[in-house]
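Fold and contact review
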Amino acid sequence: MAHATAHATAHAAEPGATTRAAGHEEGQQHPIKLYLVVWGWLFVLSTFSYLVDYFHLHGLLRWGLILLFMMLKAGLIVAFFMHMKWERLALTYAILLPPILVLVFVAIMASESHYTLFTRLNFFGAGPGG
Amino acid sequence: MAETALTQTGGTLARPEGWRGIAADWASDQRSFKTASWGKTMMWIFLLSDTFIFSCFLLSYMTVRSSTTVPWPNPSEVFSLHIGGQDIPLILIAIMTFVLISSSGTMAMAVNYGYRRDRFKTAVLMLVTAAFGATFVGMQAFEWTKLIMEGVRPWGNPWGAPQFGSTFFMITGFHGTHVSIGVIFLIIIARKVWRGDFDVEKKGFFTSRKGRYEIVEITGLYWHFVDLVWVFIFAFFYLW
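Summarised in this report is the structure supplied together with it. Computed from a prediction, not measured in an experiment: that's the story for all the values here. Sequence order as written defines the numbering, with residues in each chain counted from 1. A letter from A marks each chain and a number from 1 marks each ligand, given out in the order of writing. Two thresholds apply to this predicted model, a pLDDT of at least 70 for residue-level local features and 80 or more for giving and counting side-chain atom pairs, whereas whole-chain, interface and lining totals are computed over all residues. Here the side-chain values reflect all heavy atoms present in the structure, with hydrogen atoms and water set aside.

Examining the interface of chain A and chain B
Between chain A and chain B, the contact holds 65 residues from the first and 71 residues from the second. Of the roughly 6,100 Å² buried between chain A and chain B on both sides combined, carbon and sulfur atoms contribute 70%. Here a salt bridge means any side-chain nitrogen of Lys or Arg lying within 4 Å of a carboxyl oxygen belonging to Asp or Glu. Here Arg88 of chain A and Glu17 of chain B are joined by a salt bridge, their closest N and O atoms 3.6 Å apart. We define a polar contact as two N or O atoms separated by no more than 3.5 Å, with the added condition that, inside protein, one atom must be a possible hydrogen donor and the other a possible acceptor, whereas residues neighbouring each other in sequence contribute only through side-chain atom pairs. Taken together, the connections running from chain A to chain B amount to 12 residue pairs in polar contact (both at pLDDT 80 or more). Of all the elements in the fold, those that place two or more residues in the side of chain A that touches chain B are α1 (10-13), α2 (32-54), α3 (59-81) and α4 (89-124) of chain A. Considering every element that reaches the side of chain A that touches chain B, the biggest residue donor is α4 of chain A, with 18 residues. Classifying every residue of the side of chain A that touches chain B by side-chain character gives 40 nonpolar, 18 polar and 7 charged. Every residue pair with non-hydrogen atoms within 4.5 Å of one another is taken to be in contact. Take the accessible area each of two parts loses on contact, using a 1.4 Å probe, and add the two losses: that sum is the buried area. What counts as a helix is a DSSP run of H or I of at least four residues, what counts as a strand is a run of E of at least two, and both are numbered from the N terminus. Each residue is assigned to one of three groups, with Ala, Val, Leu, Ile, Met, Phe, Trp, Tyr, Cys and Pro labelled nonpolar, Asp, Glu, Lys and Arg labelled charged, and all others, Gly among them, labelled polar.

Written out as structure tokens, the structure reads:
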């Protein structure tokens, strides 16, 4: 397994690599238990978000809980399953900042759809097919 | 000569952390992503672009749903199943969510065993992941069939705003396509793992580069992303 160029992967090739603590090296090695714990949490959080619907929660509480559980699940998947927690910040920010800017687009389209609704209600009435 | 030696061990030298680290990595005149290989970086950038595609779908869904004057069909009722004499809301979607999360769990473990060079466990776990994925697509096909039988079309449905059908088929259809492609991707890589391609560094047919176990992690990135997108679809389309 001796290849001079891929010095970083050589860590993974070593037999003793399995016991190595989580670090910044390539060839992610973490205890299986970590994945099982994350898996368990994802199950719990999914159950919670299902129960939000099952118990017919309404209003701000419903939306708040849905968003909370969604963000927690997304965070767990990206941080642990996709190993973002162990990447260098240069990559983390390059990948995670652009999607956050989508929120600007969300604001624009929310404003636009409110305007569309306003015109529909005012000029076409509230009837079906309006 | 001393400088040459320095360049070769550059990867093992301690690099600054935090904002200083970001500035140093991006300004280093070499590669910006010090710990990610080109393959992993390219997969991340692809996933970023895919994020924008799904963002646009969910955004258009938000726009049509909040601008319609006709009531939106209640997803809780639309997606309920009649089991044991009573309607259980969203039960199929809940099961699909658990199936996809389980597939992510087995995938994460496959990546781990891949780096430990345990060919057998890696291949088996990847095939289990693919089986979960195929189950998910099967359940989605069942869901589509049920809704189409009930009269849901991209241009209308029996319960309310006609945009419900078009956004539903577009968003879940695109996600289902991603899952299906992921299943194929998983099976191809699992076969290579099983065959021992990455132990002998057999060259890939497409890139002609040496095969490495890192491809298992890259496949995993794609698979976890599919799970990630489902988290958002589940929250915004089914629960909202």
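Structure's up, so let's keep going.
Digging into the environment of Asn157 of chain B
All names here are of chain B. Mapping Asn157 onto the fold places it in the loop between α6 (119-149) and α7 (163-195). Considered as a pair, Asn157 and Pro16 are 141 residues apart in the sequence and their alpha carbons are 57 Å apart. Of the polar contacts made by the side chain of Asn157, one reaches the backbone nitrogen of Trp159; its length is 2.9 Å. Among the polar contacts made by the side chain of Asn157, one reaches the main-chain carbonyl oxygen of Ala161 at a distance of 2.9 Å.

Structural notes on helix α8 (residues 214-239) of chain B
To estimate how far a helix should extend, the number of its residues minus one is multiplied by 1.5 Å. For α8 of chain B, which comprises 26 residues, the first-to-last C-alpha distance of 36 Å matches the rise-based estimate of 38 Å (1.5 Å per residue) to within 8%. For α8 of chain B, the tally of buried residues reaches 23 of 26 residues, placing the bulk of the element in the interior. Think of it in three bands: residues with accessible area under 20% of the maximum for their type are buried, residues over 50% are exposed, and the middle band is partly exposed, with areas taken using a 1.4 Å probe on protein chains only.

Comments concerning the nonpolar core
Definition of nonpolar core: a set of buried residues of the types Ala, Val, Leu, Ile, Met, Phe, Trp, Tyr and Cys, connected through side-chain atoms within 4.5 Å. If you look at the biggest cluster of nonpolar residues, it comprises 92 residues, and the most contacted ones within it are Trp44, Phe79, Met126, Trp230, Phe237 and Tyr238 of chain B. Of all the elements in the fold, those that place two or more residues in this core are α2, α3 and α4 of chain A together with α3 (38-67), α5 (91-115), α6, α7 and α8 of chain B. A total of 17 residues in this core trace back to one element, the largest contributor, which is α8 of chain B. Excluding its chain neighbours within four sequence positions, the residues that come into contact with Met126 of chain B are Met107, Ala110, Leu186, Ile189, Ala190, Val193, Val216 and Thr219 of chain B.

Details of a nonpolar patch on the surface
Like charges within 9 Å and nonpolar side chains (Val, Leu, Ile, Met, Phe, Trp, Tyr) within 5 Å are joined into patches, using only residues over 30% in relative accessible area that form no salt bridge. Note on areas: Shrake-Rupley, 1.4 Å probe, and residue coverage restricted to the protein chains presented here. On the surface, a cluster of nonpolar side chains totalling about 360 Å² of accessible area is made up of Val37, Trp41, Val44 and Phe48 of chain A. If you trace the backbone, Val37 of chain A turns up in helix α2.

Describing the packing of α6 of chain B against α7 of chain B
All names here are of chain B. Viewed as axis vectors pointing N to C, α6 and α7 meet at an angle of 160°, and their least axial separation amounts to 9 Å. The orientation of α6 relative to α7 falls into the category roughly antiparallel. The chirality of how α6 crosses α7 is left-handed. A class-by-class count of the residues in the contact of α6 with α7 yields 23 nonpolar, 9 polar and 3 charged. In this analysis an axis means a line fitted to C-alpha atoms, helices contributing only their contacting stretch, and an angle means the value between N-to-C directions, from 0 to 180 degrees. If an angle is under 35 degrees, it is roughly parallel; if it is over 145, roughly antiparallel; if it lies from 65 to 115, roughly perpendicular; otherwise it is oblique. Note: crossing handedness is left-handed where the near helix turns anticlockwise from the far helix by less than a right angle, and right-handed where it turns clockwise.

Quick word on the pattern of salt bridges
Taken as a whole, this structure holds 10 salt bridges over all chains when the rule is applied. Glu150 of chain B serves as the salt-bridge partner of Lys146 of chain B, at 3.4 Å between the closest nitrogen and oxygen. A relative accessible area of 21% means that Lys146 of chain B is categorised as partly exposed. Taken together, the shared-partner salt bridges in this structure form one network comprising Arg88 of chain A together with Arg15, Glu17 and Asp25 of chain B.

Here we look at the packing of aromatic side chains
Here a Phe, Tyr or Trp ring, Trp counted by its six-membered ring, pairs with any other such ring whose centre lies within 6.5 Å, and the pair is stacked when the planes are under 30 degrees apart, edge-to-face when over 60, and tilted otherwise. In total, this model carries 35 aromatic pairs over all chains according to the counting rule given. A network of ring pairs unites the aromatic residues Tyr61, Trp72, Phe79, Phe136, Trp144, Phe164, Phe168, Phe169, Trp230, Phe237 and Tyr238 of chain B as a single cluster.

Let's talk about the side chain of Arg88 of chain A
Relative to the assigned elements, Arg88 of chain A resides in the loop between α3 and α4. The exposure class assigned to Arg88 of chain A is buried, which follows from its relative accessible area of 8%. Beyond its immediate stretch of four places on either side in the chain, Arg88 of chain A contacts Arg15, Pro16, Glu17, Gly21, Asp25, Lys34 and Thr35 of chain B.

These values are about where atoms sit, not about what they do.
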